[in-house]
Amino acid sequence: MRRSLILFVCALFGLVLKAQVQVSGQLLDAQTGEAIAYALIEVHESGQQTGTDEHGEFRFRVKPGNYHLHIEAVGYEATDYDLVAQEDTTLVFRLKPTFLELQEVLVEDSYSKTQQRKSSLSIEKVKLEDGEGGIGSSLAEVLKKSPGLNAYNTGVGIAKPVIRGFTGTRVAVFDQGIKQEGQQWGMDHGLEIDPFNPQTIEIIKGPGALQYGSDAISGVMKVLPAPFPGEGYSGSYTGIYKSNNNSRGHSLQTAYRHKNQFISGRASYQQYEDYRVPAEEFVYNSFVLPVTDNTLKNTAGKLLSGRLNYGLLKPGFNLRVMLSQYRQKVGLYPGATGIPRAYDVGNIGQVSDIGLPNQEISHTKAYAKLNFKIGNNWLVTDLGFQQNIRRENSRPHAHGFQEIDDNNTLALGLDLNTYSLNAKYSWRAHEFRFNVGTNHQFQQNRRSGWEYLLPDFDRYNGGLFALVEGELDPTWNWNAGARVDYAHMESSQHLQPWFNDPDSLVERSPFLQRDFFNYALAFGLAHNPNEVWNLKLNLARSFRIPVPAELVSNGIHHGTFRHEIGTPNLDSEVGYQADLGLSFTQKALYLKLTPFFNYFENFLYLRPAATFSPLPDAGQLYRYTQAEAIHTGAEFFVEYHPIQALHLSTALEYVHSYNIETGLPLPFTPPLSNLLGAEYIGKINQKQSWSIGGEYRWAAAQNRTDRNEADTPGYHLLHGSLGYKRIFNKLSLRIGLRVENAFDTPYLQHLSRYRILNLPEQGRNIIISLNLKF
Amino acid sequence: MKKIKTFSVLAAVGLLFTACNKDEEQDTTAPVIQSVTINEEDHDITVMVGNEIHIDAHVTDNEALGELKVDVHDVFDGHSHKSSIKWAEVLTIQLSGKEQHVHDHMEVPQDALAGPYHAVFRLIDAEGNEGEFAEVDFMITNASQPQISITDPDFNDHVHVTKGSTLRIMGVVTDATDLAEIKISLEEEHEEHDHKGTLDESLYEEDFDLDGSADTSWDFQADGNVNIAIPADAEEGHYILRVVALDDEGNMNVFEGEVHIM
């Protein structure tokens, strides 16, 4: 009796002691065997981070279970490891040294960070220094450095990400875990994310529909959350000045961490004047119109953004909460909505004023992510709310609405509320990794204003997916998945008075209720025959559910300045996609070729109807139609370090699109383009370094255009930069001087809202930036 | 593995070729507006209210014409009076064939406001190719609009002014009911006929607001003191003296006279 009691107490004691297991080990250089100090090891599911000491050793504790480890160290290829921790474990990692910057990081694949070589999809990673995103004229501009990625801009301040020529509702953008919903079908609706905030952006070039849903048919852009701050107080200040439009931007970030909790926040402000172009006139419809003082009238803007984060790490769960608001007001060039008039565009007025017409946006987000352990595995859930308020302001009389008081400048108001809920569970069994998840989204759109484009609508979209990953042998990784989606949409009928008969009521959009049901499939392979070669193949069948704008809109859309009409009975777009990737990696040389091929059934596009709009001063009607389309192309990227300090790269991209029904290319196809880059980093000592670099952008002419789309001539641009970094005791300083378009070259950009007016892009821009981390 | 890769590449290339060779060259050539006239003129057109305007357009296309749209509205340049609505009208004409001479009419309502108007002509062909648009400006007059009468200098003759001297304008602006605003400017003439020109080279610009309720007459000298000092370093050439008069009903009248500075 007593013996069994002692045994029982011992066993109980043992259980309590064994509540957590210890994982320890060492990181070594694969070639020299030397210890790697100050590396970072992160436990994916629990969020724990630990570093290696000067002996390359690490130690941390976790509750027994399955975990995925990420190991990153500067100068070494990053790696990941599946850990089964049921008892104390010792590990040794041998990391391969590299000069190549992108090999130092991991990418997110299916459910966790993994090495690029194991992923079957082509994933681009854009790493920004703290606040560096503010250097571009808007967040989407940072993508231009990478092959296959572009931005469609409306002047300065408004830009949409373009992946292989696709944008809008064919590219899903995620800010941390919440899918950005801001009426992205609009060509002049930019990304409503603070450009100073992101530090790492991952882009999937290819179908991400399986995990990310309908909108990801052609790509996914993910702004990853900032890493956990260090213990105690920390923060940074970034200041950026740009000469071309007298832009002044400031961003302040602060964080406080105590053991396993942290709170952080960022506030950014940016203000800029009308921007300058290297032209004194432009020709539109055989009229010669002035560009007074090389300045584009009413293209000034301002931006104010704030974000608050809270995080809590516990062995059995971790929580992250985020609140943010983004406010922006940008002037729109008056010639872009209607026929430009010399007296109007020539009189530039005050360059700092934001007059009419303009666009105002307020985007609020509230988001919470909760990971918790169930058995040996983890359930990841997130909940989000977004409110996107858009206002397009202009003078009613300028649009023929004479009966409206000229002081009522609200042309179009769109209020969109989106509620989202996601959950994902992953586990390992019999050498396979399983991943199941569900996504739900509910949206409400309410309109206002004296102009009409699309009605009030409510929309629900839900999906369920499952993914399996496995290894055929150590050199072959494969993955397969399936997804089903259901969507229900209800949009209201809208009656609008006719422009010259205020007492009449004309139905602009019918009442519409529709249900959509569709599925997606994906299969991928990654082959690593040796350390040098890597081959990827990804095959997918994806779909995209039409958005309400494509079904029931009926009005002049200022994003394109056309009268657009939706077609209520459109089917979902279905795409059959093949992506290939071939890469060659050595210590100082990296080559990557990524061809792709997409065939779309029911590709949705705006077709000129050969009938005029009955609205005054409106051109012909453009109707949403469906057709078979082919979309193909490739990217080629080379990175070479003749010596470690010198980085040379070239990124070539090409897209070829074809609408089988019209026999014409698809609109807004980016031209063949190459970006040549060189950068030299001079290390003065452990605490100081400087850099000098340059970029040469060449774009071919784009003569493969859709009906009524103008050809765009090719151009050459040169950019240069100088940088200096210094670490003091607790401060870190970074100064940068950048010249964009060094030769003040006038050039037309095919992917630009102002292209139809033959307006060149920004001229020479000298950018001074200062970043201080404390 | 290799088979899948080869197959997909072959399939892609195959599809591309079949698709490209299937259709003939697509017609993306825009139709052309060869000429447009209002009342058989393309400039200096004046129409009295209550009358019909004749619209003529000569249009061509390489394959098949589609539609012609005529938008008529005012170009009062931002002057707006809530009480009165200016006349605006839209006319869409169906076309056919490769060439057509269009003839149509629009009735100018009796109560239309007097002032500068224009007609914008837009053309599309049967495929939806958009041509360049064309515009014709014209003035609408009525019985109650302001009348601008300049007695000196005589704009029927050549008006010359030397640099450094003063250009005295003498005359009156009258209205049947009540004048509201008079704008006078002396600007360099531009080759392109745009509505108001740009802000450069403006030697004189004055805005006179008449706040009374029965301003039926306004004198250039007595009320406006319109004596324009021509700077000694002014650029020689042709300038336009423009007088815009607006009454309380919203009727506008515009006078333009050429001045040669030497």
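Model, not experiment: these values are computed from the prediction.

A few words on the overall build of chain B. The helix and strand inventory of chain B stands at one helix and 18 strands. Burial status across chain B gives 30% buried among its 262 residues. The contacts in chain B between residues at least 6 apart in sequence include a share of 74% that link residues at least 24 apart.

Below, the discussion takes up the overall build of chain A. Secondary structure assignment for chain A yields four helices and 44 strands. Against the compact-globule benchmark of 28 Å for 774 residues, chain A has a radius of gyration of 27 Å, which places it among compact chains. Taking the principal axes of the C-alpha coordinates as reference, chain A spans close to 100 × 60 × 45 Å. Each of the 774 residues in chain A was classed as buried or not, and the buried ones make up 48%. Sequence-distant contacts, at least 24 apart, represent 64% of the contacts inside chain A between residues at least 6 apart.

Quick look at the pairing of strand S15 (residues 200-205) of chain A now. Residue and element names in this part refer to chain A. Within S15, five of the six residues are buried, which leaves it mostly tucked inside the rest of the structure. In this structure, strand S10 (residues 123-127) lies alongside S15, joined through five bridges in antiparallel fashion. Counted as the bridge partner of isoleucine 123 is isoleucine 204 from S15. In this structure, S15 lies alongside strand S16 (residues 219-223), joined through five bridges in antiparallel fashion. The residue of S16 that forms the bridge with glutamate 202 is lysine 222.

All names here are of chain A. In space, the five strands of this open sheet follow the order S10-S15-S16-S13-S14, with mixed pairing throughout. Strand pairing shows two members of the sheet lacking a second neighbour, S10 and strand S14 (178-179), which therefore form its edges. Summarising the sheet, strand S13 (residues 172-175) and S16 pair through four bridges and their orientation is parallel. The residue bridging aspartate 175 from the neighbouring strand is valine 223, located in S16.

Residue and element names in this part refer to chain B. On the basis of which strands lie adjacent, the open sheet formed by three strands has the order S1-S3-S6 and antiparallel pairing. Each having just a single partner strand, strand S1 (32-38) and strand S6 (99-107) make up the two edges of the open sheet. Taken pair by pair, the neighbouring strands of this sheet meet at an average axis angle of 15 degrees, ignoring direction. Inspection of the sheet shows S1 paired to strand S3 (residues 52-60) by six bridges, in the antiparallel sense. Across the sheet, valine 32 pairs through a bridge with threonine 60, a residue of S3.

On domain assignment, one finds that chain B holds domain 1 (32-141) and domain 2 (147-261). Computed over C-alpha atoms only, the centres of domain 1 of chain B and domain 2 of chain B are separated by 29 Å.

Attention now moves to the confidence of the model for chain A. Residue-level pLDDT values for chain A average 90, and 96% of them are 70 or greater. Low pLDDT (under 50) marks residues 13-17 of chain A, which in the prediction has zero contacts with non-local residues, meaning those over four places away or in another chain.

Right, let's get into the domain arrangement of chain A. Residues and elements named next belong to chain A. Examined at the domain level, chain A breaks down into domain 1 (22-97) and domain 2 (200-225 + 243-773). Once you take the C-alpha centre of each, domain 1 and domain 2 turn out to be 36 Å apart. Counting from both sides, the interface comprises 10 residues of domain 1 and, opposite them, 11 residues of domain 2. By residue class, the composition of the side of domain 1 that touches domain 2 is two nonpolar, five polar and three charged.

Attention now moves to the environment of tryptophan 533 of chain A. Within the element layout of this structure, tryptophan 533 of chain A appears in strand S33 (residues 533-544). A C-alpha to C-alpha distance of 40 Å links tryptophan 533 of chain A and proline 546 of chain A, two positions 13 residues apart in sequence.

Of the consecutive residues leucine 356 of chain A and proline 357 of chain A, the connecting peptide bond is found in the cis state with omega at -5 degrees. Relative to the elements of secondary structure, proline 357 of chain A occurs in the loop between helix H3 (342-346) and strand S24 (358-374). Of the consecutive residues aspartate 152 of chain B and proline 153 of chain B, the connecting peptide bond is found in the cis state with omega at -5 degrees. Although it is not a glycine, asparagine 602 of chain A sits at a positive phi angle of roughly 55 degrees. For asparagine 602 of chain A, the position within the fold is in strand S37 (residues 589-612). Positive phi, close to 60 degrees, is recorded for asparagine 758 of chain A, a residue that is not glycine. On the secondary structure map, asparagine 758 of chain A appears in the loop between strand S43 (732-740) and strand S44 (765-773). For asparagine 758 of chain A, a count of 15 C-beta atoms within 10 Å corresponds to the partly exposed category.

Residue and element names in this part refer to chain A. A large share of S33 lies buried, amounting to nine of its 12 residues. Pairing analysis gives seven bridges linking strand S32 (residues 512-527) to S33, with the strands arranged antiparallel. Within the sheet, the bridge partner assigned to leucine 525 lies in S33 and is leucine 537. Here S32 hands over to S33 after five residues, the two strands then running antiparallel side by side. Two strands pair when backbone bridges link them, and S33 and strand S36 (residues 573-585) are joined in this way by 12 bridges, in the antiparallel orientation. Bridge pairing links tryptophan 533 to phenylalanine 584 in S36.

Residues and elements named next belong to chain B. Summing up the model confidence of chain B, the mean pLDDT is 84 and the portion of residues at 70 or higher is 83%. Scored below 50 in pLDDT, residues 17-23 shows four contacts in the model against residues more than four places distant or in partner chains. In this model, residues 192-199 is a region of pLDDT below 50 whose contacts with residues beyond four sequence positions or in other chains number 20 contacts. Confidence estimates for the predicted assembly give a pTM of 0.88 and an ipTM of 0.83.

For the rest of this paragraph, the subject is the environment of alanine 487 of chain A. Residues and elements named next belong to chain A. When you line up the elements, alanine 487 lands in strand S29 (residues 476-491). Sequence separation between alanine 487 and tyrosine 622 is 135 residues; the distance between their C-alpha atoms is 26 Å. Apart from residues lying up to four places away in sequence, alanine 487 is in contact with Arg459, Tyr460, Asn461, Phe516 and Ile545.

All right, on to the environment of alanine 678 of chain A then. Residue and element names in this part refer to chain A. One can find alanine 678 in strand S40 (residues 673-685). Sequence separation between alanine 678 and tyrosine 640 is 38 residues; the distance between their C-alpha atoms is 9.6 Å. For alanine 678, the contacting residues outside a window of four places in its chain are His647, Leu648, Gly693 and Gly694.

Cut-offs applied
Residues numbered from 1 in each chain as written. Chains lettered and ligands numbered in written order. Predicted model: local features only at pLDDT ≥ 70, side-chain atom pairs only at ≥ 80, totals over all residues. Helix = DSSP H or I, 4+ residues; strand = E, 2+ residues; numbered from the N terminus. Buried ≥ 20, exposed ≤ 12 C-beta atoms within 10 Å, placed from the backbone. Contact = placed C-beta atoms within 7 Å. Rg over C-alpha atoms; globule rule 2.2 N^0.38 Å. Pairing = 2+ DSSP bridges. Axes fitted to C-alpha atoms, helices over the stretch in contact; angles between N-to-C directions. Domains from an automatic or database assignment. pLDDT = per-residue confidence, 0-100. Nonpolar A, V, L, I, M, F, W, Y, C, P; charged D, E, K, R; others polar.

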